[in-house]
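# Descriptive analysis of the structure
If you want the building blocks of each chain, they are given just below.
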Amino acid sequence: MSITKFAVAGATGRLGHHVVEVLTERGHQVVPMSRATGVDIITGEGLAKALTGVDVIIDVASWHASEQEAATEFFRTSARNLQEAGQKAGAAQITVASIIGVDNATTGFVAAKLAHEEFLLSGPLEVRILRAAQFHEFVGQLLDWQQGDVAYVPALPTQLVASRTVAEELVDLALDPGEPTPGTPIPEIAGPRKETMAEAAALLGARRGIKVVGVDGSGMPDAELAAKGAFLPSPHAKLAGPTFQDWLATQP
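Description of the structure in this document.

Thresholds, definitions, all that
Sequence order sets the numbering: in each chain, residues are counted from 1 along the sequence as written. pLDDT decides what is reported in this predicted model: residues at 70 or higher carry local features, side-chain atom pairs at 80 or more are listed and counted, and totals for whole chains, interfaces and linings draw on all residues regardless. Based on all heavy atoms of the structure, the side-chain values leave hydrogens and waters out of the count. Here, a salt bridge means any side-chain nitrogen of Lys or Arg that lies within 4 Å of a carboxyl oxygen of Asp or Glu. Strands here are runs of E lasting at least two residues and helices are runs of H or I lasting at least four, both read from the DSSP assignment and numbered beginning at the N terminus. Each residue's exposure class comes from its accessible area (1.4 Å probe, protein chains only) as a fraction of the maximum for that residue type: buried when under 20%, exposed when over 50%, partly exposed otherwise. Convention adopted: a line fitted to C-alpha atoms gives each axis, helices being fitted over their contacting stretch, and angles between N-to-C directions are expressed from 0 to 180 degrees. For classification purposes, angles smaller than 35 degrees are called roughly parallel, those larger than 145 roughly antiparallel, those between 65 and 115 roughly perpendicular, and all remaining angles oblique. For a crossing to be left-handed, the near helix must be turned anticlockwise from the far one by less than a right angle; the clockwise case is right-handed. By the convention used here, residues are in contact when the closest approach between their heavy atoms is within 4.5 Å. Any residue outside Ala, Val, Leu, Ile, Met, Phe, Trp, Tyr, Cys, Pro, Asp, Glu, Lys and Arg is labelled polar, Gly included; the first ten of those are nonpolar and the last four are charged. Seen with its strands pointing away from the viewer, a crossover is right-handed if its path from the first strand over the helix to the second goes clockwise. Pairing between strands is defined by DSSP: at least two bridges between them are needed.

## Focus: the pattern of salt bridges
The tally for this structure, following the rule as stated, stands at 11 salt bridges. Residues R164 and E21 are paired through a salt bridge, measuring 3.5 Å at the closest nitrogen-oxygen approach. Taken as a pair, R164 in helix 6 (residues 163-175) and E21 in helix 1 (residues 16-25) lie far apart in primary sequence, 143 residues in all. Between E168 and R164 there is a salt bridge, with its nearest N and O atoms 2.9 Å apart. Taken together, the residues E168 and R164, both in helix 6 and 4 residues apart, mark about one turn of the helix. The partly exposed category is assigned to E168, whose relative accessible area is 29%. Residue R164 is classed as partly exposed on the basis of its relative accessible area, which comes to 26%. Through salt bridges with shared partners, a single network forms among E21, E25, R164 and E168.

Below, the structure is given as structure tokens:
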């Protein structure tokens, strides 16, 4: 099957705009789906029209807050709508971005993402999952949430990855014609270097004139699990640059 037409849910988001870029650069037809383009995957508005003639749906739509119940409801509804509308439109597959270590999560947004995988897998269309490490861009978000010239950032281990790198891997997975071998672990993509979130934040803080103080992360969902490496990549993960430091050097 020659895949030529993709629909991208969450096309204007942090990961989605990179996915659209990668697909366009590789010469594929792309239907960007977001409320900004008149497509709402929760209400279903514009969805059937957007999926007309689409071969593969790439789902990178996300919920904007960390509260588990609301995020789970968002993913439940979006998964159902994409599966139902995708089947009616004759799409062959949904490829979705998830989070490394999601099956270790017990609470919060990451636990909602595990539910998201399960909701999608229960539908009629074939589903391909790529689990990714936390994005480089998240570090700036952590600093944005705090006011003043001192920021308290969890010193929890991570292996940050560039969202553009994730987009490239996600498109590769969506284009892979082979069937996943039963029992094969879910693919993962992470950055090349293990560091703590506080260490990465300190590099960015130095540019912004913010002092970063590493803290233990108590109060964060599953902080104890994170401290033990529950959200670090598995041995089978693909590791790809740039490092956070190299990526930061390219940012305006």
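There's more to say after this.
## A few points about the packing of helix 5 (residues 137-144) against helix 7 (residues 197-208)
Packed helix pairs are characterised by how far apart their axes lie and by the angle those axes make with each other. One way to put it is that helix 5 packs onto helix 7 with a least axis distance of 9 Å and a crossing angle of 70°. As summarised for this structure, helix 5 and helix 7 are arranged roughly perpendicular, according to the angle between their axes. Relative to helix 7, the crossing made by helix 5 is right-handed. The segment helix 5 lies against helix 7, with F138, V139, G140, L142, L143 and D144 engaging M197, A200, A201, L204, G205 and R208.

## Examining the packing of helix 3 (residues 68-89) against helix 4 (residues 108-121)
Relative orientation of the contacting elements helix 3 and helix 4 amounts to 20°, with a least axis distance of 8 Å. Looking at the two axes, helix 3 sits roughly parallel to helix 4. Relative to helix 4, the crossing made by helix 3 is right-handed. Only G108, F109, A111, A112, K113, A115, H116, F119 and L120 of helix 4 make contact with helix 3, whose side of the interface consists of Q68, A71, T72, F75, R76, S78, A79 and Q83. Its residues placed into classes, the contact of helix 3 with helix 4 shows 9 nonpolar, 6 polar and 2 charged.

## Thoughts on the pairing of strand 5 (residues 126-132)
Within strand 5, 6 of the 7 residues are buried, which leaves it mostly tucked inside the rest of the structure. In this region the chain leaves strand 4 (residues 93-99), passes through helix 4 and returns to the parallel neighbour strand 5; the handedness of that crossover is right-handed. Pairing of strand 5 with strand 8 (residues 188-190), which is carried by 2 bridges, proceeds in the parallel orientation. When the bridges of strand 8 are listed, R131 appears paired with E188.

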